[in-house]
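# Close look at the chain arrangement
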Amino acid sequence: MQASDWLQFALFLGLLTLITKPMGLYLMQVLDSNGRTWLDPVVRPVEKLTYKILGVDPQREQGWKQYTFSMLAFSLTGALFTYAILRLQHLLPWNPQDLPGLSHHLAFNTAVSFTTNTNWQSYGGEATLSYFSQVVGLTFHNFVSAAVGIGIAAALVRGISDRKTSFPTRSTVDRVFQPGETSSKTRSTVGNFWTDLVRVTYYLLLPVCVALAIFLVSQGMIQNFDAYTHAKTLEGAEQIITQGPMASQVAIKMLGTNGGGFVNANAAHPFENPTPLSNLIQMLSIFAIGSGLTYYLGRMVKNQGHGWAVWAAMMIMFVGGVLVCAHYEAAGNPIHQQLGITNVDRVFQPGHEDQTSSQTHPTGNMEGKEVRFGLFNSSLFATVTTAASCGAVNSMHDSFTPIGGLVPLFMMELGEVVIGGVGAGLYGMLVFVILAVFIAGLMVGRTPEYLGKKIQAKEVKLAMLTLLVLTLSILGFTAWASVSAWGVAGLNNAGPHGFSEMLYAYSSATANNGSAFAGLTANTPWYNTTLGIAMLIGRFLMIVPIMAIAGSLAAKQAVPAGPGTFPVNGATFTILLIGTVLLIGALNFLPALALGPIVEHFLMGQGQLF
Amino acid sequence: MPHKPASLLDASILVPAIGGSFRKLDPRLMVKNPVMFVTLVGAVLTTVSIFTSQADRGFITQLSVWLWFTVLFANFAEAVAEGRGKAQADSLRKARKDTLARRLKNGQESHVPAPLLEKGDLVVCEAGDVIPADGEVIEGIASVDEAAITGESAPVIRESGGDRSAVTGGTKVISDRIVIRITSEKGNTFLDRMIAMVEGAKRQKTPNEIALTILLSAMTLIFLLVCITLKPFGIYSGVAFSIPVLVALLVCLIPTTIGGLLSAIGISGIDRLIRRNVMATSGRAVEAAGDIDVLLLDKTGTITIGNRMASDFRPANGITEQQLADAGQLASLADETPEGRSIVVLAKDKFNIRGRELAAPHATFVPFTAQTRMSGVDLEGRSIRKGAADSMKSYIEGKGGVYPAEVAKAVEAASRAGRTPLVVAEGSQVLGVVELKDVVKGGIKERFAQLRKMGIKTVMITGDNPMTAAAIAAEAGVDDFMAQATPEDKLKRIRAEQAEGHLVAMTGDGTNDAPALAQADVGVAMNTGTQAAREAGNMVDLDSNPTKLIEIVEIGKQLLMTRGSLTTFSIANDIAKYFAIIPAMLMATFPAIAPLNVMGLASPQSAILSAVIFNALIIIALIPLALKGVAYKPMGAAAVLQRNLLVYGAGGIIIPFIGIKAIDVIVTTLHLA
Amino acid sequence: MMNPLFTELRPAILATLVLGGITCGAYPLLITQVANATFHDQAHGSLITGKDGQIIGSALLSQNFTAENYFHPRPSAAGSGHDAASSSGSNLGPTSQKLHDALKERIAAYRTLNGLTTDAAVPADAVTASGSGLDPHISVKNAELQAARVAKARNLSIEKVKELIIANTTKPDLGILGDAGVNVLELNLALDNVERVFQLVPSK
């Protein structure tokens, strides 16, 4: 990495750190049904009207089961809604290119993909979807799947936090409690799904997206309902230029960590990511809410140190990932270097011609990358988008060097807990927090407790269930595909890299990321269906146990903290949490990674081709 | 029974344990431990492969031998832990055998074998009889040798009524005659329960153990998936993974270390309690002890030395302090109670009154009796008595003397200040009052400071008035106190603490302590206490030493720490095992990955074998740690976490690298692979 | 178990309609209105129109150039090459034989075309396909290596061509963000304009 790379990295991390607290404080207001924001004068009436139409009482809190049912009913409705739109797009308006309806498996895959906040692109973007499908079918989910994720995270945090109206004091000593009574003051509810959904959409996502979208247009992003433009190039050929309402969709695609591109090339496309500045802002929007949620966690549990410790654990893994990825991408591919490729001249030195010196440069891997972003911003974006379950790409991960490509793959296999998808990242990380607290909590000689709430068999069972499901889906489907004709037929690359393509696909689908080793031809009945199932598993078989944990913890009475309490802040806890994520979460994928990118790395070193 | 703690390397335990390890291979027993059950299945599969595979038979044979060892070692750990309890159970059983009870029915005595006694039967025991079952003395008083249970040779007094009425089956009456009502069901006597407990026969998994088992089982399932899917992955990649190699990887990855030692840790936790002469009625109670964050401690015996000490002489009008001291000393010379001795000491300290040699026929000692509640000496015509104020008053007035008003006042003042007044009289004249006061035990303040560091709050319970209580509380350094506490107050306090989310431990002995003992999360009944108290608590301290509560908490904590530490160690080991096995598995197809063999293991076969051998041997190596528990120091949670994370987390990552490399060198030297 | 799910369907359907109306109707229309009012050109694709009013292309998108007198963009995997309605990268991996062969061929062609020696180092961007297939930029080094060829084909001085390269180089945003790159379409347009100027002068 060059000096300018370090500067850019520092700028990104600095800005991210700066927005974390304000975002967290804002989330405190948004996720409180009585919270106050500066948007109240405008949005409050609309919010109230919405509750009236929905027929829900925003003040009535739900238990975990009811919250989950509301969420499932809403997701199911949304998935069917989008499925119908995609199948019928040829009959619907805003289709200037007269694109046909989607096949049943592609429509299933895409509907599931957006409902689950995955935004896996089996569809081809500009070549497959009408403006109506993009705007109505997909943008809708970009908003609400993000809002659902944030709501689930908030529900879990509410369950964890000790939401008593007041603490019993010394004077209550004389109060006679019935044996087995837990204290009527502990709330066992986890919030109201509809309130969370509406408030997050109205107060957080929409306002930020409006500002973000306009900014992106200023950088060169398109926003129109025109038909595709027919241009006559300087050499006289015809070039059809894609158009459409892109900025409005891209803003939420980033902020909501959805990642589904308006066009096939996603954020590598000059329209969808015109400048390095737009690139920086897009990366920040991917991380903004997830990062702020850790602050929200700290606030809610009245232990800001805990919020920062979780954030620090995420950041350390993230920085590690970026450095590894950037290093190997900059180091480049020795096979290609032997052919005579030199590095792109990174530093702007017009007129400076010294061919001999450039030959001694290390030569980076530019296949699938854009010149305006260069090696570092491509590596950084790749790590951001996979750490955060976004899935937008500004370079083609499939063409990364083996270890450079292992980083995004690994980030997803961690379970998307490094910042992660909005909400999903936090609740995924909290599963690891619970496991870390359980194992290490025993080490301090007490029944493990997380912020005063005992972690017992039930929580451990549910937490491990989510990990089991994650592993089963990723490894199970990859195993199936790797020995099936339909699986191998979709590969764009042979050898270990082909294996990586399959592993990446199911990791991405299960982790609800959506990015791909895009060479894989996934728009086939088998892939569309299995990937769709993996996405459903990765979303809902995670959420339901997690909501059960939320409910179980909410009903528990918190033990007051003391010197014997397991500390969930500070450096030790951060290290412990990282250790847990790596040892319990990621180690399971090591054999598979060994057969994919790791073997490929060593073979590449020996110049072997497939 | 806790006579002599069995050493870790006692052949009498180790030898039978070897047999036990094989008996425990019964799949019906193994299935209760999913981690080791999977290992067993792996061992069977590998053994079968010896015969089905064409190549590498020597390697596969060695592999399967070590997989069997892994299972056996885990069973051995459990058998050793159980064996230590069994030795103690055997000596207990001897006490139970062959007792013939003298049952009393309608005034008729008949001889009945002890096991046939029913609850509610009355039995007679005289000097030399072994008490046939648990019961309550309803008539008489006797001294009882309880060595069979407590290991303590000094006999104890058991009498009807009051707090010393409980007797335990298997103990021996050494004087007098008592009538006992049997209070235990057949086959469920205290002795029976102790035997069951130490043998681990009725041991149920504790809540944390269940949670941990779930974690380990889920991890096993995950790694099972990892290894099963490797087969199709291999088919795509053109690598033929053989069953024995996949089994080796699986067994190395699943947490066999903690899985193999988990039950041994639990058993030995109870064993450690037993060796401190504490009987827990369930493993759950031991675990709960680790969670305790509020200790209700009786002042007397725990915070202050059980007996009060003379502190002041308050003479009556017309009597000098020295006269009072002299008489007090004389009256106490033959009084071997700590109170009596403290008067002698105080007299010597204050007035240098030397101890005098008194012997019959000049002197006649009048011992303390429950009826008279006074003691003294008749010496050369002098008749000196000391005793409680009210009994002395009636004694004096019975002799026609006058009980002076200023003495009554002094008695009242002393009582108000929380001291015990003893009135001393010669003949019919009251000489004055000797005041006794509480003395805080040495070192107790430091102990409480340690507890505070561990996050445990101490609450002193006393019948004293608030002023006295506050003074002692301050001196002892407890966090809080309850003065003039009735048993009902204790119960209320426990519930209030629990309502705030605390876990409470207490000790008690009286019948009226029973509700509080039952309510407390850990209730330790004194063995000297009533049967009701012993039934209500979930632990019985055979030494009847209230300070033991602190040790119990420490044992509970140590038990949990050992589990957590070994789990961490076990999981951390996986990194090195991956580095040993994964390159070995791929080396034949992809020689390019040689740099991944960071340990420089000699060959793929030796690498896999070394990892499996390490995995098996580490169980054996950690048995002593599992049985003894990890080193425990009273520190705050943050400090404990840091220390254990460093030792067992970082250690768990590093040690297998060294261990596997060392084994590989040996395996290669011996040409085993 | 299913009952509570169905009772929740009513608010679910209503929420889909209400939120759908706002996020898919009001929101994109608002953005479109504001974008058209404030950044009209950008909102419509930063299109470049020729003298005759014919749209030449987008300043943000590459288009294919094969003639010797034009600077050449990076190889493209979009459609059959630079297809602005079908963006795509090659997605070929590091150990791909296909990629290796393609690179070998492109490197040889690049050297031949630009008169480089057979062992001359070739800038990576010149022979690798971009992520979108529509990368409008090439590296400065790549442009400089092509400069001599273009200058010769156009009868321009190499200094003039290099001057134009500098003029059409996009510098990193804020001085540090991203890499410098030369916008090929704009550079080629500038070249055409220069020629027009040259052609105009002698005829006067």
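Residues numbered from 1 in each chain as written. Chains lettered and ligands numbered in written order. Predicted model: local features only at pLDDT ≥ 70, side-chain atom pairs only at ≥ 80, totals over all residues. Heavy atoms only, no water.

Per an unreviewed UniProt entry, chain B goes by Potassium-transporting ATPase ATP-binding subunit and derives from Brevifollis gellanilyticus. Per UniProt, chain B has the following entry under Function (unreviewed entry): "Part of the high-affinity ATP-driven potassium transport (or Kdp) system, which catalyzes the hydrolysis of ATP coupled with the electrogenic transport of potassium into the cytoplasm. This subunit is responsible for energy coupling to the transport system and for the release of the potassium ions to the cytoplasm." The record in UniProt for chain B states the following under Subunit (unreviewed entry): "The system is composed of three essential subunits: KdpA, KdpB and KdpC." (UniProt positions renumbered as here; feature names shortened; annotations may be inferred.)

The name an unreviewed UniProt entry gives chain A is Potassium-transporting ATPase potassium-binding subunit, with Brevifollis gellanilyticus as the organism. According to the UniProt record, the Sequence similarities (unreviewed entry) comment for chain A is "Belongs to the KdpA family." Under the UniProt heading Subcellular location (unreviewed entry), the note attached to chain A is "Cell membrane".

## Points about the sheet that holds strand S6 (residues 156-159) of chain B
Residue and element names in this part refer to chain B. The three strands lie next to each other as S6-S5-S8, forming an open sheet whose pairing is antiparallel. Whereas interior strands pair on both sides, the edge strands pair on one side only; in this sheet they are S6 and strand S8 (172-175). Each neighbouring strand pair of the sheet contributes to a mean axis angle of 50°, computed without reference to strand direction. Of the strand pairs in this sheet, strand S5 (residues 141-145) and S6 are connected by four bridges, and their pairing is antiparallel. Directly across from Ile141, in S6, lies its bridge partner Glu159. (Pairing = 2+ DSSP bridges. Helix = DSSP H or I, 4+ residues; strand = E, 2+ residues; numbered from the N terminus. Axes fitted to C-alpha atoms, helices over the stretch in contact; angles between N-to-C directions.)

## Re the environment of Glu61(A)
All names here are of chain A. Secondary-structure assignment places Glu61 in the loop between helix H2 (40-54) and helix H3 (64-87). Given a relative accessible area of 26%, Glu61 falls into the partly exposed group. Spatially, the C-alpha atom of Glu61 lies 30 Å from that of Thr565, the residues being 504 residues apart in sequence. When residues no more than four places from it in sequence are discounted, the contact partners of Glu61 are Arg163, Arg187, Thr189, Val190 and Gly191. A polar contact of 3.4 Å, which involves the side chain of Glu61, links it to the backbone nitrogen of Gly191. (Buried < 20%, exposed > 50% of the residue type's maximum accessible area, 1.4 Å probe, protein only. Contact = heavy atoms within 4.5 Å. Polar contact = N/O pair within 3.5 Å; in protein donor to acceptor, adjacent residues only side chain to side chain.)

## Quick word on the packing of helix H5 (residues 131-160) of chain A against helix H7 (residues 246-255) of chain A
Packed helix pairs are specified by the crossing angle of their axes together with the interaxial distance, meaning the distance between the axes. Residues and elements named next belong to chain A. It is at 9 Å that the axes of H5 and H7 come closest, and there the two elements cross at 25°. In terms of their interaxial angle, H5 and H7 are classed as roughly parallel. Between H5 and H7 lies a crossing of left-handed hand. Facing H5, whose interface residues are Gln134, Thr139, Asn142 and Phe143, H7 presents Gln249, Ile252 and Lys253. For the contact of H5 with H7, the class distribution of residues is two nonpolar, four polar and one charged. (Parallel < 35°, antiparallel > 145°, perpendicular 65-115°, else oblique. Left-handed = near helix turned anticlockwise from the far one by under 90°. Nonpolar A, V, L, I, M, F, W, Y, C, P; charged D, E, K, R; others polar.)

## Re the nonpolar core
If you look at the biggest cluster of nonpolar residues, it comprises 359 residues, and the most contacted ones within it are Phe74(A), Phe287(A) and Phe318(A). Looking at this core element by element, the count peaks at 18 residues for H5(A). Those residues in contact with Phe287(A), other than ones at most four positions away along the chain, are Phe12(A), Leu16(A), Met315(A), Phe318(A), Val384(A), Ala387(A), Ala388(A) and Ile419(A). Ala331(B), Leu346(B), Ala347(B) and Leu422(B) belong to the second-largest nonpolar core, a separate cluster that totals 35 residues. (Core = buried A, V, L, I, M, F, W, Y, C linked by side-chain atoms within 4.5 Å.)

## Quick look at the interface of chain A and chain B
Contact residues are listed per partner, giving 71 residues for chain A and 72 residues for chain B. Here chain A packs against chain B, burying approximately 5800 Å² in sum over the two surfaces, 76% of which is carbon and sulfur. The tally of links between chain A and chain B comes to zero salt bridges. Counting across the interface, chain A meets chain B through 10 residue pairs in polar contact (both at pLDDT 80 or more). At the level of elements, helix H14 (424-443), helix H15 (457-482), helix H17 (495-510), helix H19 (570-586) and helix H20 (590-605) of chain A are the ones that each hand at least two residues to the side of chain A that touches chain B. A total of 13 residues in the side of chain A that touches chain B trace back to one element, the largest contributor, which is H15(A). Within the side of chain A that touches chain B, the residues separate by chemical class into 46 nonpolar, 20 polar and five charged. (Buried area = accessible area lost by both parts, 1.4 Å probe. Salt bridge = Lys/Arg side-chain N within 4 Å of Asp/Glu carboxyl O.)

## Section: helix H16 (residues 444-453) of chain B
Residue and element names in this part refer to chain B. Taken together, the buried positions of H16 are Ile444, Phe448 and Leu451. All buried residues of H16 fall inside an arc of 55° around its axis, so they share one side. After H16 finishes, the residue Gly455 shows a positive phi value of roughly 85°. (Arc of directions from axis to C-beta.)

## So, the UniProt feature "binding site: ATP" (unreviewed entry) in chain B
Residue and element names in this part refer to chain B. Taken from the UniProt record, the annotation "binding site: ATP" (unreviewed entry) applies to Asp335, Glu339, Phe368, Thr369, Ala370, Gln371, Thr372, Arg373, Met374, Ser375 and Lys386. Among the residues examined, Glu339 registers a relative accessible area of 23% and is labelled partly exposed. Discounting chain neighbours no more than four positions away, the residues touching Glu339 are Asn307, Arg308 and Leu436. Within the element layout of this structure, Thr372 appears in the loop between strand S13 (363-366) and strand S14 (374-379). Exposure remark for Thr372: the relative accessible area of 37% places this residue in the partly exposed category.

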